[in-house]
Structures are given as C-alpha cells and as structure tokens.
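# Reading the structure
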Amino acid sequence: MLLQGTKYIGAGLATISLAGSGVGIGIVFAALLNSFARNPSLEKQLFVYAILGFALSEAIALFGLMMAFLILFI
C-alpha cells in the first residue's frame with residue numbers, strides 16, 4: 001500500500017518536467033519571432049537554431065514522461 005502511494009508521488013513529480021518543457025518551447029519560439037523581427041535576412045539560420053532548441057526541450061519532456069512510466073509500471 002505504501003509502495004503504491006510512493007510510486008504515484010514519484011510519477012507525479014517526474015511529470016513536472018512536462019510543464020518546464022512547455023515553458024522552454026514557448027521561450028524558444030518567442031525568441032525566434034523576436035530575432036526574426038529584428039533581422040529578417042537570417043530567417044533560415046534562426047529557424048535551424050529554433051528547431052534545435054525545440055528538439056532539446058522536447059527531449060527533456062520525453063525523458064520525464066519515460067521516467068514517470070518506469071516508476072509506475074516497474
């Protein structure tokens with residue numbers, strides 16, 4: 001009984017990374033729009049950097065989700 005409760009608490013804490021990832025992705029694309037408004041000639045290079053930042057932020061969310069599932073089901 002106690003072990004099951006601690007699993008739920010641990011899985012809930014592991015999903016906090018999903019909120020942080022959402023904030024990070026928002027910051028990445030807000031910075032993309034801001035930098036594109038300042039210098040439109042660098043659109044392709046800025047977009048590549050934005051996609052890289054998005055992928056790294058999304059990877060953190062996927063790792064957190066994977067940890068939550070591992071805690072719950074193993």
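Residues numbered from 1 in each chain as written. Predicted model: local features only at pLDDT ≥ 70, side-chain atom pairs only at ≥ 80, totals over all residues. Heavy atoms only, no water.

### So, the overall build of the protein chain
What counts, and what does not: Starting at the N terminus, helices and strands are each numbered in turn, a helix being any DSSP run of H or I of at least four residues and a strand any DSSP run of E of at least two. In this setup the radius of gyration rests on C-alpha atoms only. A globule is expected at 2.2 Å times the number of residues raised to 0.38. Throughout, a residue-residue contact means that at least one pair of heavy atoms, one from each residue, lies within 4.5 Å. Note on areas: these come from Shrake-Rupley sampling with a 1.4 Å probe, and a residue is covered only by the protein chains present in the view.
When its secondary structure is counted, the protein chain shows 3 helices and 0 strands. Reading the protein chain from its N terminus to its C terminus gives the helix and strand order α-α-α. Since a compact globule built from 74 residues should have a radius of gyration of about 11 Å, the 17 Å found for the protein chain marks it as more spread out than a globular shape. Overall size of the protein chain, expressed as C-alpha extent along the three principal axes, is 60 × 15 × 5 Å. Pairs at least 24 apart in sequence give 76% of the contacts found in the protein chain among residues at least 6 apart. Surface summary for the protein chain: the accessible area is close to 5,500 Å², and the carbon and sulfur share equals 79%.

### Observations concerning the packing of aromatic side chains
This is how the line gets drawn: In this scheme Phe, Tyr and Trp rings, the latter by its six-membered ring, pair at centre separations within 6.5 Å, and the angle between planes marks the pair as stacked below 30 degrees, edge-to-face above 60, and tilted otherwise. Buried residues are those whose accessible area, probed at 1.4 Å on protein chains only, stays under 20% of the maximum for their type, while exposed residues exceed 50% and partly exposed ones sit between those limits.
Applying the stated criterion to the full structure yields 2 aromatic pairs. On the numbers, 5.9 Å between centres and 50° between planes, the contact of F29 with F54 is tilted. Placement of the pair is F29 in helix α2 (residues 16–38) and F54 in helix α3 (residues 43–73), with a sequence separation of 25 residues. Between F69 and F73, the aromatic rings sit 6.1 Å apart at their centres with planes inclined by 25°, giving stacked as the arrangement. Placement of the pair is F69 and F73 together in helix α3, with a separation of 4 residues, close to one helical turn. The partly exposed category is assigned to F69, whose relative accessible area is 46%.

### Points about the packing of α2 against α3
Test applied: Here the axes come from fitting lines to C-alpha atoms, over the contacting stretch only for helices, and the angles between their N-to-C directions go from 0 to 180 degrees. Angular relationships are summarised with four words: roughly parallel below 35 degrees, roughly antiparallel beyond 145, roughly perpendicular across 65 to 115, and oblique for the angles in between. Ten residues, namely Ala, Val, Leu, Ile, Met, Phe, Trp, Tyr, Cys and Pro, are considered nonpolar, four, namely Asp, Glu, Lys and Arg, are considered charged, and the remaining ones, Gly among them, are considered polar.
One way to put it is that α2 packs onto α3 with a least axis distance of 8 Å and a crossing angle of 175°. Classified by the angle between their axes, α2 and α3 sit roughly antiparallel to one another. For the pair α2 and α3, contact is made by S17, L18, S21, G24, I25, V28, F29, L32, S35 and F36 and by E43, L46, F47, A50, G53, F54, S57, E58, I60, A61, G64 and L65, respectively. Looking at the contact of α2 with α3 residue by residue, the class counts come to 13 nonpolar, 7 polar and 2 charged.

### Digging into α2
Quick reminder of the rule: To estimate how far a helix should extend, the number of its residues minus one is multiplied by 1.5 Å.
When the terminal C-alpha atoms of α2 are compared, their 34 Å separation across 23 residues agrees well with the 33 Å that a helix rising 1.5 Å per residue should span. Taken residue by residue, α2 has S21, G24, I25 and L32 as its buried positions. Those residues of α2 that are buried are in contact with α3.

### Section: the packing of helix α1 (residues 2–14) against α3
Packed helix pairs are characterised by how far apart their axes lie and by the angle those axes make with each other. The geometry of α1 relative to α3 is characterised by a closest axis approach of 8 Å and an angle of 175° between their N-to-C directions. Relative to α3, the element α1 lies roughly antiparallel. Residues K7, Y8, G10, A11 and A14 of α1 touch α3, and the partners they reach there are G64, M67, A68, I71 and L72. Its residues placed into classes, the contact of α1 with α3 shows 7 nonpolar, 2 polar and 1 charged.

None of this, on its own, says anything about what the molecule does.
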